[in-house]
Amino acid sequence: MKHVIALDVGGTGIKAALMGPDATLHHETLRPTGRDRGPEAVVDGILTLAAELRELGEKEFGEPPSAVGAAVPGIVDARTGTAVYAANLGWRDLPLRDLLSRRLGGIPVTLGHDVRTGGLAEGRIGAGRGADRFLFVPLGTGIAGAIGIDGRIEEGANGSAGEIGHIAVRRGPDAPACGCGGRGCLETLASAAAVGRAWAAASGDPAADAAACARAVESGDPRARRVWQDAVDALADGLVIGLTLLDPRTLIIGGGLAEAGETLFGPLRAALADRVTFQKLPIVVPAALGATAGCLGAGLLAWDLLATESTESTEVSA
C-alpha cells in the first residue's frame, strides 16, 4: 500500500505515524523530543524515528514510504525546507528537509509550521470540513492561527501568515510584555498559559492553571469569573480584528483552553456578537481532532507534495 510518514515535532514530544491515502494513521507513536540533551540530540531523534518508520512501512506495506511530512514549531520556511528558528528546541536555520531526505534515501520531504499544519487537518477532515474559508486559532501556551482558503493554508509572503497571537489588543505601559518584543499581544492575555498565570495570582495558588480556573468559573467563584472574562474580552478583541480582515465562514478554536467547552464558547460567542457591526459572524466551533491534528496535517502535507510533483511531472512530459 502506498503510504507516507507523518511527523509532528513538539517541544516535549514527537508524534509520528504512517498515513495511508485515506488519511488513516497507522503505527502511531510518541517519543520524547529530548531537548534537554541539546538541539543536535533532537535532530538525531527525529532522523532515527523517521528511519524506523521507513523500515516499518516497507516491511508492513511492501514498499517504502512515498514522502515525508513534518510539522515543526517556530519559524518555518517551507519553500527551502528550513526550520528557521525554534527557541524551545535551540534551532536556527536548520535544513531539516534535506537532512531527512538524505537519511531516508532521497524520499521527498516537506515541512510545515505546527499550527498551520494542524489547521490544514482541521480544515480538510476536522471541524472545518466543507468550509471554503476558515480561521483556526489554538489557545495553548501561546496563540497562533491558520488561515484556510479552498482546502489549503495561506502561508504568507514570508511564511508567517496567521500570527494572530501577536496582534496588540491592549496598549500602554501597563500592557504585559510579550516574548516577541511587543506589549499587549493577544497571547499574553488570552492563551491558556496567560489564564493560568492570572488565576494563580488571583487565587494565591502558584500551581493553579487554566483548567483550574475553568473549574472555579463553573463553581461560581467571582475571582475566577473576572479572570476568565478578562481573557474572553481580550480574545474577542483579537478575533474581531481577524474576522474583519479575513471574513471566514468558520472559526475553529482549539488548544487547551477550548477543552473548557461551553464555559469558553458561550461567553466568547456573546463577546463576539457584542463587538461586530457590519461583519457577518462566522460559525464558532471547537476543534475536532485534538492532539492528532498536527500528525494528520503532516501526512496531508506529504500527500499534497506527491500530488504537486505528479502534476509537475505530467506538465513537463506533455
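Before any of the text, the structure's been laid out above.
Parameters and conventions
- Residues numbered from 1 in each chain as written.
- Predicted model: local features only at pLDDT ≥ 70, side-chain atom pairs only at ≥ 80, totals over all residues.
- Heavy atoms only, no water.
- Helix = DSSP H or I, 4+ residues; strand = E, 2+ residues; numbered from the N terminus.
- Expected span 1.5 Å × (residues − 1).
- Buried < 20%, exposed > 50% of the residue type's maximum accessible area, 1.4 Å probe, protein only.
- Arc of directions from axis to C-beta.
- Contact = heavy atoms within 4.5 Å.
- 1 Å grid on protein atoms, 1.4 Å probe; cavity = no way out; pocket = protein on both sides within 12 Å on 5 of 7 lines; lining within 4 Å.
- Points joined across faces, edges and corners; volume = space filled by probe spheres on them.
- Nonpolar A, V, L, I, M, F, W, Y, C, P; charged D, E, K, R; others polar.
- Pairing = 2+ DSSP bridges.
- Polar contact = N/O pair within 3.5 Å; in protein donor to acceptor, adjacent residues only side chain to side chain.
- Patch = residues over 30% accessible without salt bridge, like charges linked within 9 Å, V, L, I, M, F, W, Y side chains within 5 Å.
- Areas by Shrake-Rupley, 256 points an atom, 1.4 Å probe, with all protein chains shown as cover.
- Salt bridge = Lys/Arg side-chain N within 4 Å of Asp/Glu carboxyl O.
- Axes fitted to C-alpha atoms, helices over the stretch in contact; angles between N-to-C directions.

What follows covers helix 8 (residues 262–275). The end-to-end C-alpha separation of helix 8 is 19 Å, in line with the 20 Å expected for 14 residues at 1.5 Å each. Considered for burial, the residues of helix 8 that qualify are Thr-263, Leu-264, Phe-265, Leu-268, Ala-271 and Leu-272. Projected down its long axis, helix 8 carries its buried residues within an arc of 170°, all on one side. Seen from the buried face of helix 8, the exposed residues on the opposite side, beyond 90 degrees, are Glu-262 and Asp-274. Packing partners of the buried residues in helix 8 comprise helix 6 (210–218), helix 7 (222–246), strand 12 (250–254) and strand 13 (283–286).

Now for the layout of surface pockets. In this structure, the largest pocket encloses a volume near 1600 Å³. Forming the walls of the largest pocket are 48 residues, and the residues nearest its centre are Pro-73, Asp-114, Val-115, Thr-141 and Gly-142. Every element with two or more residues in the lining of the largest pocket is listed here: strand 1 (4–9), strand 2 (13–19), strand 6 (82–86), helix 3 (114–125), strand 9 (133–138), strand 12 and helix 9 (293–317). The element that contributes the greatest number of residues to the lining of the largest pocket is helix 3, accounting for five residues. Among the residues forming the lining of the largest pocket, the class breakdown is 20 nonpolar, 20 polar and eight charged. Considered as a void within the structure, the second largest pocket measures approximately 440 Å³ in volume.

With that settled, consider the pairing of strand 2. Summarising burial for strand 2: six of the seven residues are buried, a large majority. Judged from the six bridges that link them, strand 1 and strand 2 form a sheet pairing that is antiparallel. Across the sheet, Val-9 pairs through a bridge with Ile-14, a residue of strand 2. Counting the residues in the hairpin turn of strand 1 and strand 2 gives three residues. The antiparallel hairpin formed by strand 2 and strand 3 (residues 25–32) contains five residues in its connecting segment, where Ala-23 sits at a positive phi of about 70°.

What follows concerns unusual backbone geometry. Trans peptide bonds make up most of the peptide bonds, and negative phi angles are found at most residues other than glycine. Positioned with a positive phi, His-27 is a non-glycine residue whose angle comes to about 55°. Relative to the helices and strands, His-27 resides in strand 3. The backbone of Asp-247 sits at a positive phi, close to 50°, despite the residue not being glycine. Within the fold, Asp-247 resides in the loop between helix 7 and strand 12.

On the secondary structure map, His-113 appears in strand 8 (residues 109–113). Polar contacts involving the side chain of His-113 include one to the main-chain amide nitrogen of Val-115, which spans 3.2 Å.

Further remarks concern a nonpolar patch on the surface. Taken together, Ile-241, Leu-245 and Leu-246 make up a surface patch of nonpolar side chains, about 270 Å² in accessible area. Tracing the sequence through the fold places Leu-245 in helix 7. You can call Leu-245 exposed: its relative accessible area is 68%.

Attention now goes to the sheet that holds strand 11 (residues 152–153). Pairing in this open sheet of five strands is mixed, and the strands run 11-10-9-12-13 from one edge to the other. Looking at strand neighbours, the two that pair on one side only are strand 11 and strand 13, the edges of this open sheet. For strand 9 and strand 12, the ladder comprises five bridges, and the chain directions are parallel. From the neighbouring strand, Pro-138 faces strand 12, where its bridge partner is Gly-254. On top of the sheet, helix 3 reaches strand 9, strand 10 (146–149), strand 11 and strand 12; it is set at about 130° to strand 9, its chief contact.

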